[in-house]
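Each chain, letter by letter, is given below.
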Amino acid sequence: MGARESIRTAVRHVVPPAGLTRALAVQAMVFAVGHGLFQAGSAVFFTRALGLSPAQVGLGLSLAAGASLLGTVPLGGLTDRYGPQRVWIVCLLLDAALFAAYPFVGGFAGFLAVVIALAVTGAATGVARQVYSINVLRPEERVTAMAYQRSSLNVGFGLGALISGLVLAVDTIWAYRGMVWFITVVFLVTAGFVRRLPRLPEVTRTAEPMSRLAVLRDRPFMTVALLSGLLTAHQTLYLTVMPLWILTRTDAPKTIIAALVLLNTVLIVLFQVRASRGADDAPGAARASRRGAVLIAGFCLVLPISGATRGPLTVAVLVAAATLLILAELIESAGTWGLTATLPPAAQRGAYVGAFGLGSQLQFLIAPAGLTALGVSTGGWGWYPAAALFVLVGLAIVPAVARAERTPRLPGVSRSADSVTLIP
């Protein structure tokens, strides 16, 4: 009976309960199949099917990231104005149209137009999806539901990557065109899922609406956003810096990199829901963020040991370091969801959630080069100041969240209205 009960418990932490939580998780998995497929096959599609050079692809993606960064807060304002569900559906339909047009793109200018448009709609989709999840669920359900969504996203990413392997094996122009048209269908199906979700009423607004960029003047909130954004460096560390360290500073086989990516996916699917416990309110979310920071610091202390070991011991050290970083990702993600669910005012959730994402986007601009230089280029000693940096962020985030919670968000904007009545 003990083993059977353990299996049932494990299943409950992977398969979401019936109802709205499951519906949100299913749409997340369907969406992630298309997103994961394109992530895995996009580089080859751009060069083989569109005939672009690697330099053109890199420049286009960088410009698209800049457009996404600049547009996040205004796009969040659109979510507040027109409603998250409507914006979510429109953006998915635009994504479908843009992917359908990809095979007909001619030259760098056409590619640039499509990739920037997709970056903008992607940013708006992310904000709208999160705001809808916050608005439609009870406060005590939000973080857990987002954890189920993230677990389902990783399942979808894995399926998409598997399909991309088949496309790459066929390696024809029509296979790559079929790939993007398949993604078009995936986004249309996802839009259908979202349309069938419960509708939300309009959020009551003040007589004088807040400027869409006014959130940037909310210093206590933006301080939390910056600190939390720095902690999302676990993504850069796992996908960029650690592989470079393995390749240049250890004797581990290259295949260990793929194995560690698989380990990340499996542990997120299995344990993301469990790791989200206790992050439902602002203090709990702040403590989760602090624990995530300490775990990232632990990774920075363990990983350099692999540069001085040999053979199986090196692999063991790398697995230990990767596990610390995965735990950090699980816990820090729950903290982020808790903060975005509790700190923003209901009437301006889109703008605030968009602004909160600026921290992680800034991290993506500075962390790849900064952490690579600090950890890898120094030969190893740079990991220790990196660990100290994350400890300092962890120490700062709890009082920063407490200050933001005490401070009225903006004059005339209410933080209440967490409870909504769904429109059938």
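This is a predicted model, so every value here is computed, not measured.

Calculation notes
Residues numbered from 1 in each chain as written. Predicted model: local features only at pLDDT ≥ 70, side-chain atom pairs only at ≥ 80, totals over all residues. Heavy atoms only, no water. Helix = DSSP H or I, 4+ residues; strand = E, 2+ residues; numbered from the N terminus. Rg over C-alpha atoms; globule rule 2.2 N^0.38 Å. Buried < 20%, exposed > 50% of the residue type's maximum accessible area, 1.4 Å probe, protein only. Contact = heavy atoms within 4.5 Å. Areas by Shrake-Rupley, 256 points an atom, 1.4 Å probe, with all protein chains shown as cover. Lys, Arg positive; Asp, Glu negative; His and termini not counted. Charge placed at Lys NZ, Arg CZ, Asp CG, Glu CD. Salt bridge = Lys/Arg side-chain N within 4 Å of Asp/Glu carboxyl O. Core = buried A, V, L, I, M, F, W, Y, C linked by side-chain atoms within 4.5 Å. Patch = residues over 30% accessible without salt bridge, like charges linked within 9 Å, V, L, I, M, F, W, Y side chains within 5 Å. Phe/Tyr/Trp six-rings, centres within 6.5 Å; stacked < 30°, edge-to-face > 60°. Lys NZ or Arg CZ within 6 Å of the ring centre and 35° of its normal. Axes fitted to C-alpha atoms, helices over the stretch in contact; angles between N-to-C directions. Parallel < 35°, antiparallel > 145°, perpendicular 65-115°, else oblique. Left-handed = near helix turned anticlockwise from the far one by under 90°. Nonpolar A, V, L, I, M, F, W, Y, C, P; charged D, E, K, R; others polar. Polar contact = N/O pair within 3.5 Å; in protein donor to acceptor, adjacent residues only side chain to side chain. Bend = angle between axes of the 7 residues up to and from the residue.

### Side note on the overall build of the chain
Stage number 1. A count of helices and strands for the chain gives 14 helices and zero strands.
Stage number 2. The order of helices and strands in the chain, counted from the N terminus, is α-α-α-α-α-α-α-α-α-α-α-α-α-α.
Stage number 3. Rg of the C-alpha trace for the chain: 21 Å, near the compact-globule value of 22 Å for 424 residues, within the 12% margin.
Stage number 4. Summarising its shape, the C-alpha atoms of the chain cover approximately 65 × 55 × 50 Å along the three principal directions.
Stage number 5. Within the chain, the fraction of its 424 residues that count as buried is 50%.
Stage number 6. Summarising the internal contacts of the chain: among those between residues at least 6 apart in sequence, 86% fall at separations of at least 24.
Stage number 7. When the accessible area of the chain is evaluated, it comes to approximately 18,400 Å², of which 68% is carbon and sulfur surface.
Stage number 8. Each charge class in the chain was averaged separately, 32 positive and 16 negative side chains, and the resulting centres sit 3 Å apart.

### Notes on the pattern of salt bridges
Stage number 1. A full pass over the atoms with the stated rule returns four salt bridges.
Stage number 2. Across the salt bridge formed by Glu329 and Arg150, the nearest N and O atoms sit 2.3 Å from each other. Here Glu329, found in helix α12 (residues 312–342), pairs with Arg150, found in helix α6 (residues 139–170); they are 179 residues apart in sequence, far enough to count as distant. Of the two residues, Glu329 and Arg150, both sit in the buried class.
Stage number 3. Each of Arg138, Glu140 and Glu141 takes part in salt bridges that share partners, so that together they form one network.

### Re the nonpolar core
Stage number 1. Ranked by size, the top nonpolar core spans 73 residues in total, and within it Leu237 and Phe299 carry the most contacts.
Stage number 2. A total of twelve residues in this core trace back to one element, the largest contributor, which is α12.
Stage number 3. Non-local contacts of Leu237, meaning those with residues more than four positions away in its chain, are made with Met242, Pro243, Ile296, Phe299, Leu325, Leu371, Trp383 and Phe390.
Stage number 4. Formed by 48 residues, the second largest nonpolar core is a distinct cluster that contains Phe46, Val115, Phe187 and Ala191.

### Section: a nonpolar patch on the surface
Stage number 1. Residues Leu226, Leu362, Leu365 and Ile366 make up a contiguous nonpolar surface patch of roughly 380 Å² in combined accessible area.
Stage number 2. For the nonpolar patch, the leading source of residues is helix α13 (residues 349–377), giving three residues.
Stage number 3. Note on placement: Ile366 falls in helix α13.

### Quick look at unusual backbone geometry
Stage number 1. Phi is positive for Asp171, close to 55°, though the residue is something other than glycine.
Stage number 2. Here Asp171 shows up in the loop between α6 and α7 (173–196).
Stage number 3. A relative accessible area of 34% means that Asp171 is categorised as partly exposed.

### A word on the packing of aromatic side chains
A ring pair, where both rings are aromatic, is described by two values, the distance of the centres and the angle of the planes.
Stage number 1. Applying the stated criterion across every chain yields a total of 19 aromatic pairs.
Stage number 2. Consider the rings of Phe38 and Phe99, whose centres lie 4.9 Å apart with planes at 90°: the pair is edge-to-face. Here Phe99 lies in helix α4 (residues 84–101) and Phe38 lies in helix α2 (residues 20–49), a separation of 61 residues in the sequence.
Stage number 3. An angle of 75° between the planes, with centres 4.7 Å apart, marks the rings of Phe221 and Tyr352 as edge-to-face. Taken together, the positions of Phe221 in helix α8 (residues 219–231) and Tyr352 in helix α13 put the pair 131 residues apart, joining distant regions of the chain. The same class applies to Phe221 and to Tyr352, which are both buried.
Stage number 4. Taking the ring centre of Phe31 as reference, the NZ or CZ of Arg129 above it sits at 5.3 Å.
Stage number 5. Between Arg177 and the ring centre of Trp174, over which it is positioned, the NZ or CZ distance is 4.8 Å.

### A word on the packing of helix α3 (residues 54–82) against α13
Stage number 1. Look at α3 against α13: their axes get within 7 Å of each other, and the N-to-C directions meet at 165°. By the angle between their directions, the pair α3 and α13 is classed as roughly antiparallel. α3 and α13 meet at a crossing whose hand is right-handed. Mapping the contact onto sequence places Ser68, Leu69, Thr72, Val73, Gly76, Gly77, Thr79 and Asp80 in α3 and Arg349, Gly350, Ala351, Gly354, Ala355, Leu358, Gln361, Leu362 and Leu365 in α13.
Stage number 2. Tallied by class, the residues present in the contact of α3 with α13 amount to seven nonpolar, eight polar and two charged.

### Re the side chain of Asn135
Stage number 1. On the secondary structure map, Asn135 appears in helix α5 (residues 107–136).
Stage number 2. Polar contacts involving the side chain of Asn135 include one to the side chain of Arg349, which spans 2.4 Å.

### A short note on α2
Stage number 1. The largest bend along α2 reaches roughly 60° and is located at Gly41.
Stage number 2. Residue Gly51 follows α2 closely and has a positive phi angle near 70°.

### Focus on the side chain of Ser306
Stage number 1. As for its placement among the helices and strands, Ser306 is situated in the loop between α11 (282–302) and α12.
Stage number 2. At 2.9 Å, the side chain of Ser306 and the side chain of Trp245 are in polar contact.
Stage number 3. With residues up to four places along the chain from it excluded, the contact list for Ser306 reads Trp245, Arg249, Thr250, Thr314, Val317 and Leu318.

### Points about the packing of helix α9 (residues 233–249) against helix α10 (residues 255–275)
Angle between the axes and distance between the axes are the two parameters that describe a pair of packed helices.
Stage number 1. Running from amino to carboxyl end, α9 crosses α10 at an angle of 150°, the nearest separation of the two axes being 10 Å. Relative to α10, the element α9 is oriented roughly antiparallel. Classified by chirality, the crossing of α10 by α9 is right-handed. In this structure, α9 contributes Tyr238, Met242, Pro243, Ile246 and Leu247 to the contact, and α10 contributes Ile256, Ile257, Leu260, Val261 and Asn264.
Stage number 2. Partitioning the contact of α9 with α10 into residue classes produces nine nonpolar, one polar and no charged.

This is a description of form; function is not addressed.
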